[in-house]
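Tertiary structure, described
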Amino acid sequence: MARHSRRESFSDTAASTVCPDTDLLWPFGKLDGLDKDEIRETAYEIFFAACRSSPGFGGRTALTFYSKHNGGDNEGDVIGGGGGSSKGSGFGSLGRKEVVTTPTSRVKRALGLKMLKRSPSRRMTTAAGAVSAPSSPGNGSSIGGGSSGHISPGSGFLTVPPSRPRRPLTSAEIMRQQMRVTEQGDTRLRKTLTRTLVGQSGKRAETIILPLELLRHVKTSEFGDVHEYQIWQRRQLKVIEAGLLLHPSIPLEKTNNFAMRLREVIRQSETKPIDTGKTSETMATLCNVVISLACRNTNTTASDVCHWADGYPLNIHLYVALLQSIFDVRDETLVLDEIDELLELMKKTWSMLGITRAMHNLCFTWVLFHQYIVTSQMEPDLLGASHAMLAEVANDAKKSDREALYVKLLTSTLASMQGWTEKRLLSYHDYFQRGNVGLIENLLPLALSSSRIVGEDVTISQGSSQEKGDVKLVDSSGERVDYYIRASIKNAFSKVVESMKTKVSATEEGEEAAKMLVDLAKETEDLALRERECFSPILKRWYSVAAGVASVSLHQCYGSVLMQYLAGRSSITKETVEVLQTAGKLEKVLVQMVAEDSEECEDGGKGLVREMVPYEVESIILRLLKQWIDDKLKTVQECLSRAKEAETWNPKSKSEPYAQSAGELMKLANDAIAEFFEVPIASVEDLNSLSGGALGISDGHHPRPSTSRGTQRLYIRLNTLHFLSSQLHSLNKSLSLNPSVLPATRKRHRERTNSSSSSYFDSTQAGIETAFHHVSEVAAYRLIFLDSYSVFYERLYVGDVANARIKPALRILKQNLTLMTAILADRAQALAMREVMKASFEAVLTILLAGGHSRVFYRADHELIEEDFASLKKVYCTCGEGLISEEVVDREAETVEGVVQLMSQPTEQLVEDFSIATCEASGMGLVGTGQRLPMPPTTGRWNRSDPNTILRVLCYRDDRVANRFLKKSFQLGKRR
């Protein structure tokens, strides 16, 4: 399966300008000199002029006004742009009174947009013509004002008393509201066109140079003040400059005299407004050069068509401004129900702006997409509509007679849309959470459709920059989704690593780097689970192994970090082992996910599994351990060789009657053994290798004690406490017999301490005694629950009782007790032995009553357990030559024996005993019909009469009666 990092070959054609308040690139080129409001105002003027013959745009009797697009269109209908008939569009013979009452919209139906379902009177006007709908939000620049500013109450959006009769708005009135044009500006425009067309009723719209006509006929007196007129005039001149000089549709020679003269006139207008009077020489010059430049044609055929607004990108900016008027100014996530009529009217501007049906489809697609983004992605229907329009764009793109400008627009527009969508799809973990993950369903089809349209124009490479190995992208939705998943997973994983501030490498040593790797494994597993739960169910619709690919990518990402960590590490530590074991667990989870996700694949997921280069945790651990053992043995051998050559065999001291080299050798051996047991792995073979090569011992038939160095240090503490106690006793005796201490002084001491004792260290001795009991207890529990964990809790009765008896644990226990008595002082052994006995009995209770899901007991097992416990008691009775009496052992064993006795009872008897004990403990008496037994609390003091203890015996009892009782009373499932 191909792996690609994508690079757009057409991205260079897209503009670098970003749409305001978004990260979406504007694809239609930069237009200098004209701001958004000026483009909108000019677009409305062109729209009005083009629709002058339609009802609602002229006087009471509409002027006859022709266009190439009137009376039919040989290019076919704009999608939803009216039904092609005047009746359906509302452009019949009703004249000025024609209103928009279309109940349904063909465009909305085709694009999957909902009707607004408002009453036909939602946009109303008075009989006198004043609009009573609420004024639109935002800036309402006048068509003649030019400057931005809010529409004043007296500037055209008038509200009349509701008692006046009202009627629905015409398309012209709706468009004026949508384009935020004041009534004064609209009236001024109507008058100008009326003056222009006097005596020229048959003149086509594309033969009019609209800004020139406006300059000729609009006077200063029609504005509120001179400054407002000057701003308006400046806009008209900038439109002329943009259409004829900066962005002409027909290339302009640098030496063109008309162009040079026009530049001069415009330059002069920047310092002083031009005189537009009939006798003005400047105006005459302006008319001459503008007409000369606008009437140029590319062929020799005579034509009266004027080219002043059909140059790119001016024409597209103007047309996009018109298309954006289809969104309701009161709620810009909604498309007007009158979209069919409005689009049909906009179609009349095509000849003036040089727009084709294919260009319209492309611009309309982008406008819908842009509106979805600028409205904070609140309306997914807009995204769906844009995707629906892409089907039209795809048909247009397949045609062989595509113009160069259209190809340029196609690539830049799709680059803009695809760039925005893929930015999110390539990092969908950042952009989508549980609440909005469904948006991927809308974005992904659009991205895939865009990719298919550009087809061969898209290249991919291994990296973000242009590198070697670029290949063509196969038109496969599956591979595209594969690419999105791998890229987003890699990005999400990198951010996890960055957030943990980890840059694991061979130079980082110690616990810090290891802890980061362990934490990173947990985060990686969480990321995989979140992927499978949130994203994979959606992505699987396009790519069946989405979850498997995500798991493979995470396996590769973590493996890369793991290999960096292991690089250069030649010896083993407990931290390294923990990292490797954690990595092994993660690998198993990820492999299982791949296997589960690939069940329906043709190859059963073998292709994905082959991508997962195994971590080989076990082999790495063994390799590092062997290297560590070899290093330790080499050190011991070097010490032994030096001893053979240099040892004098003199005793070290009277109290230590052995050679000094023996102490050094044993220290090395003890240190090596202690370090070995600190590594959290169980390998008898490796221990034999270590012990056999340190001291020449290879007998593996005798079990070795499991007492850790930490527990042994506690034994030394007990010896230290006894030493201090004996030293204090000696010191007290010397004080008592010292003749310098007078009897009266001893009496005052006894009175002050309120004690009949003559000891000076009573409080200190009491503290030592308390510390001794505490340390003895800690050492005992550490020995049983930590050092002997693997032979007690991890193994005893796991699976079934018969095959997991206590005998192996007793062998280790005896060795541990022998080591303890060898280390401890005589006076410390009895208490320490008694505490170990208590701890081991507690361990047995824990195994029987809280042993986890790996243990289950049958009633017949109690005999074997009784036999095992008797063997355990015997160890304490015989070990240490009477350190603990049989009476003490029997007394401490009563609780365990009581629980074993419970295990011997029939299940029915246990249920009855439990019910009685529970009712008595809760004070509820007998349980009535329909009542349930309460869950007994965990007291922490188990015994055979405790309800919680009886319940635990039932929970571990594997038979039908126990299962039925637990299910009925506490909704607990079967043991197996």
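Scoring rules and cut-offs
Residues numbered from 1 in each chain as written. Predicted model: local features only at pLDDT ≥ 70, side-chain atom pairs only at ≥ 80, totals over all residues. Heavy atoms only, no water. Helix = DSSP H or I, 4+ residues; strand = E, 2+ residues; numbered from the N terminus. Buried < 20%, exposed > 50% of the residue type's maximum accessible area, 1.4 Å probe, protein only. Contact = heavy atoms within 4.5 Å. Areas by Shrake-Rupley, 256 points an atom, 1.4 Å probe, with all protein chains shown as cover. Axes fitted to C-alpha atoms, helices over the stretch in contact; angles between N-to-C directions. Parallel < 35°, antiparallel > 145°, perpendicular 65-115°, else oblique. Nonpolar A, V, L, I, M, F, W, Y, C, P; charged D, E, K, R; others polar. Phe/Tyr/Trp six-rings, centres within 6.5 Å; stacked < 30°, edge-to-face > 60°. Core = buried A, V, L, I, M, F, W, Y, C linked by side-chain atoms within 4.5 Å. Polar contact = N/O pair within 3.5 Å; in protein donor to acceptor, adjacent residues only side chain to side chain. Expected span 1.5 Å × (residues − 1). Salt bridge = Lys/Arg side-chain N within 4 Å of Asp/Glu carboxyl O. Patch = residues over 30% accessible without salt bridge, like charges linked within 9 Å, V, L, I, M, F, W, Y side chains within 5 Å. Lys, Arg positive; Asp, Glu negative; His and termini not counted. Charge placed at Lys NZ, Arg CZ, Asp CG, Glu CD. Disulfide = S-S within 2.5 Å. pLDDT = per-residue confidence, 0-100.

Regarding the overall build of the protein chain
Scanning the protein chain from N- to C-terminus turns up 35 helices and 5 strands. Within the protein chain, buried positions represent 49% of all 976 residues. In the protein chain, the proportion of contacts linking residues at least 24 apart, taken out of those at least 6 apart, comes to 76%. Summing over all exposed atoms, the protein chain offers an accessible surface of approximately 47700 Å²; the carbon and sulfur share of this is 52%.

Regarding the packing of helix α4 (residues 171-178) against helix α11 (residues 339-346)
Each pair of packed helices can be described by the angle between their axes along with the distance between the axes. Where α4 contacts α11, the axes come no closer than 11 Å and their chain directions differ by 85°. Comparing the axis directions of α4 and α11 gives the class roughly perpendicular. Counted together, S171, I174 and M175 of α4 and E341, L342, L345 and M346 of α11 form the full contact between these two elements. When its residues are assigned to classes, the contact of α4 with α11 shows 5 nonpolar, 1 polar and 1 charged.

A short note on the packing of aromatic side chains
Taken as a whole and assessed by the stated rule, the structure comprises 22 aromatic pairs. Judged by centre distance (6.2 Å) and plane angle (85°), the ring pair of Y797 and F857 falls under edge-to-face. With Y797 in the loop between α28 (762-787) and α29 (807-823) and F857 in the loop between α30 (826-850) and α31 (862-878), this residue pair connects regions lying 60 residues apart in the sequence. This pair shows no difference in class: Y797 is buried, exactly as F857 is.

Thoughts on the nonpolar core
Of all hydrophobic cores here, the largest spans 173 residues; its most connected members are L262, L286, W308, M346, I440, I485 and Y558. In terms of residue count, helix α19 (residues 510-539) provides more of this core than any other element does, 12 residues in total. Aside from chain neighbours lying at most four places away, what touches I485 is Y428, E531, L539, Y543, A546, V549 and A550. With 71 residues, the next largest nonpolar core counts F857, V899, M903 and L951 among its residues.

Re the environment of C51
With respect to the element layout, C51 can be found in the loop between α1 (36-50) and α2 (86-89). Distance from C51 to L345, taken between C-alpha atoms, is 6.4 Å for residues 294 residues apart in sequence. The contacts of C51, once residues within four sequence positions are left out, are F57, L345 and K348.

A look at the side chain of D868
Mapping D868 onto the fold places it in helix α31. Taking relative accessible area as the criterion, D868 reaches 4% and is therefore assigned buried. A distance of 2.9 Å separates a polar atom in the side chain of D868 from a polar atom in the side chain of R805. Those residues in contact with D868, other than ones at most four positions away along the chain, are Y797, R805 and I806.

A word on the side chain of K873
By the secondary structure assignment, K873 is in helix α31. Taking relative accessible area as the criterion, K873 reaches 15% and is therefore assigned buried. Aside from chain neighbours lying at most four places away, what touches K873 is F841, V889, D890, A893 and E897.

Some details on unusual backbone geometry
The omega torsion of the bond from Y312 to P313 falls at 5°, within 30 degrees of zero and hence cis. Looking at the element boundaries, P313 is found in the loop between α9 (281-294) and α10 (314-323). The backbone phi angle of D21 is positive, close to 65°, even though this residue is not glycine. With respect to the secondary-structure elements, D21 resides in the loop between β1 (5-7) and α1. Unusually for a residue other than glycine, S376 sits at a positive phi of about 60°. Structurally, the position occupied by S376 is in the loop between α13 (357-374) and α14 (380-397). Overall, the relative accessible area of 54% leaves S376 in the exposed class.

Here's the deal with α1
An α-helical turn contains 3.6 residues, so any two residues separated by three or four positions project in the same direction. Between its terminal C-alpha atoms α1 stretches 21 Å, which fits the 21 Å expected from 15 residues at 1.5 Å a residue. Burial of α1 is extensive: 14 of the 15 residues sit out of reach of the surface. Where α1 begins, one side-chain oxygen reaches toward the backbone nitrogen of D37, 3.2 Å away; that side chain belongs to D35.

What about the pattern of salt bridges?
Evaluated as defined, the whole model comprises 33 salt bridges. As a salt-bridge pair, K522 and D526 come within 3.0 Å of each other at their nearest N and O atoms. Residue K522 and its partner D526 are both found in helix α19; the two are separated by 4 residues, about one turn of the helix. Residue class for K522 comes out partly exposed when judged on its relative accessible area of 48%. On the basis of relative accessibility, which here comes to 31%, the residue D526 falls in the partly exposed class. In the salt-bridge network here, residues are joined through shared partners; they are D23, K423 and R424.

Some thoughts on a positive patch on the surface
Side chains of K807, R811, K814 and K874 sit close together on the surface and give a patch of like positive charge. Considering each element in turn, the positive patch owes the most residues, 3 residues, to α29. Summarising the element assignment, R811 is placed in helix α29.

Some points on the packing of helix α5 (residues 183-196) against helix α6 (residues 210-217)
Between α5 and α6, the shortest axis-to-axis distance is 10 Å and the interhelical angle comes to 95°. It follows from the interaxial angle that α5 and α6 lie roughly perpendicular. Along the contact surface, α5 presents L189, T192, L193, R195 and T196, while α6 presents L210, E213, L214 and H217. Classifying every residue of the contact of α5 with α6 gives 4 nonpolar, 3 polar and 2 charged.

Re the environment of A828
Relative to the assigned elements, A828 resides in helix α30. By relative accessible area, A828 is classed as buried at 0%. Through-space distance from the C-alpha of A828 to that of S776 is 8.7 Å; in sequence the pair is 52 residues apart. Dropping the residues within four chain positions of it, A828 is found in contact with H722 and F772.

Some remarks on α31
Between the first and last C-alpha of α31 there are 24 Å, a value that for 17 residues agrees with the 24 Å anticipated at 1.5 Å per step. On its buried face, α31 is in contact with α29, α30 and α32 (886-903).

Concerning the state of the cysteines
In this structure the tally under the stated criterion is 0 disulfides. Unpaired in this structure, C295 has its nearest cysteine sulfur neighbour in C306, at a distance of 3.9 Å.

Describing the environment of L345
By secondary structure assignment, the location of L345 is in helix α11. C-alpha separation for the pair L345 and A50, spaced 295 residues apart in sequence, amounts to 8.2 Å.

As for the confidence of the model for the protein chain
Looking at the protein chain as a whole, its pLDDT mean stands at 78, while 75% of the residues score no less than 70. Here α2 stands out as the least confident element of the protein chain, with mean pLDDT 33; α10 is the most confident, with 96. Counting interchain partners and residues more than four positions distant, the pLDDT-below-50 stretch residues 1-15 has 55 contacts.

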